[in-house]
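Overview (structure and organization)
Below are the chains, spelled out letter by letter.
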Amino acid sequence: GNSVTQMEGPVTLSEEAFLTINCTYTATGYPSLFWYVQYPGEGLQLLLKATKADDKGSNKGFEATYRKETTSFHLEKGSVQVSDSAVYFCALRLTGANSKLTFGKGITLSVRP
Amino acid sequence: DTEVTQTPKHLVMGMTNKKSLKCEQHMGHRAMYWYKQKAKKPPELMFVYSYEKLSINESVPSRFSPECPNSSLLNLHLHALQPEDSALYLCASSHVDRVVGQPQHFGDGTRLSIL
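Residues numbered from 1 in each chain as written. Chains lettered and ligands numbered in written order. Predicted model: local features only at pLDDT ≥ 70, side-chain atom pairs only at ≥ 80, totals over all residues. Heavy atoms only, no water.

For the rest of this paragraph, the subject is the interface of chain A and chain B. Each partner contributes to the interface: chain A provides 23 residues, whereas chain B provides 26 residues. Together chain A and chain B conceal approximately 1800 Å² of surface at their shared face, both sides included; 53% is due to carbon and sulfur atoms. At the junction of chain A and chain B, the tally comes to one salt bridge. Residues Glu58 of chain B and Lys100 of chain A are paired through a salt bridge, measuring 2.6 Å at the closest nitrogen-oxygen approach. Here chain A and chain B share six residue pairs in polar contact (both at pLDDT 80 or more) between them. Listed by contribution, the elements that provide at least two residues to the side of chain A that touches chain B are strand 5 (32-38), strand 6 (44-50), strand 10 (86-93) and strand 11 (101-103) of chain A. Per element, the largest residue contribution to the side of chain A that touches chain B is four residues, and it comes from strand 5 of chain A. A per-class count over the side of chain A that touches chain B returns nine nonpolar, nine polar and five charged. (Contact = heavy atoms within 4.5 Å. Buried area = accessible area lost by both parts, 1.4 Å probe. Salt bridge = Lys/Arg side-chain N within 4 Å of Asp/Glu carboxyl O. Polar contact = N/O pair within 3.5 Å; in protein donor to acceptor, adjacent residues only side chain to side chain. Helix = DSSP H or I, 4+ residues; strand = E, 2+ residues; numbered from the N terminus. Nonpolar A, V, L, I, M, F, W, Y, C, P; charged D, E, K, R; others polar.)

Okay, the sheet that holds strand 7 (residues 64-70) of chain B next. Residues and elements named next belong to chain B. Strand order across the open sheet formed by four strands is 1-3-8-7, with antiparallel pairing between neighbours. The open sheet terminates on both sides in strands that have one partner only, identified here as strand 1 (4-7) and strand 7. With strand direction ignored, the average angle separating the axes of adjacent strands in the sheet is 20°. Where strand 7 meets strand 8 (residues 73-79), five bridges bridge the pair, whose relative direction is antiparallel. Across the sheet, Ser65 pairs through a bridge with His77, a residue of strand 8. (Pairing = 2+ DSSP bridges. Axes fitted to C-alpha atoms, helices over the stretch in contact; angles between N-to-C directions.)

Here's what the structure looks like:
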């Protein structure tokens, strides 16, 4: 089956620190990969995506590269801000009718001023 | 700002009440979804509609009844819910997945509390 594994949290960082959140996956086909972010009291927002090997998704200073050889899609940001405090979900989706979005467990990021 | 609008934002109901959650999108998406999310957990898929027809029901209890009256609207009718049904209910929409990498767009959810 398909699954997404995220590193255990929560993660607490100081403002301007470097962020890495690990995500690995297993899939029966060739998935598209996504990072979603959920701010307190809100729904999920698409942060970035990648659809094929070596693609790099980027948005708001966040980046993630689709690594087929290591089945990974790690999220990075060079300098986090307090406003980045949220829950981050890695997810995959296979192409095809009714294909589901498979989420990782999510990780809570807290950034201190 | 979200392009998927859910109402109400909060709902408190007793176990014998009947209520409905509403979801609306105007992005031309023909796939719509209901998810249930418990605190500190990822969303769990409940239902998928494709071209206004129910295509996936993830073995959801019959006290939850979805309805898709047209391509822009999705409802979730609630009746005789249990306290364990208290959660954040998220609606999402997407293009039907014949193109690689179609993301789902989520609303802000309805926070449901069952007394």
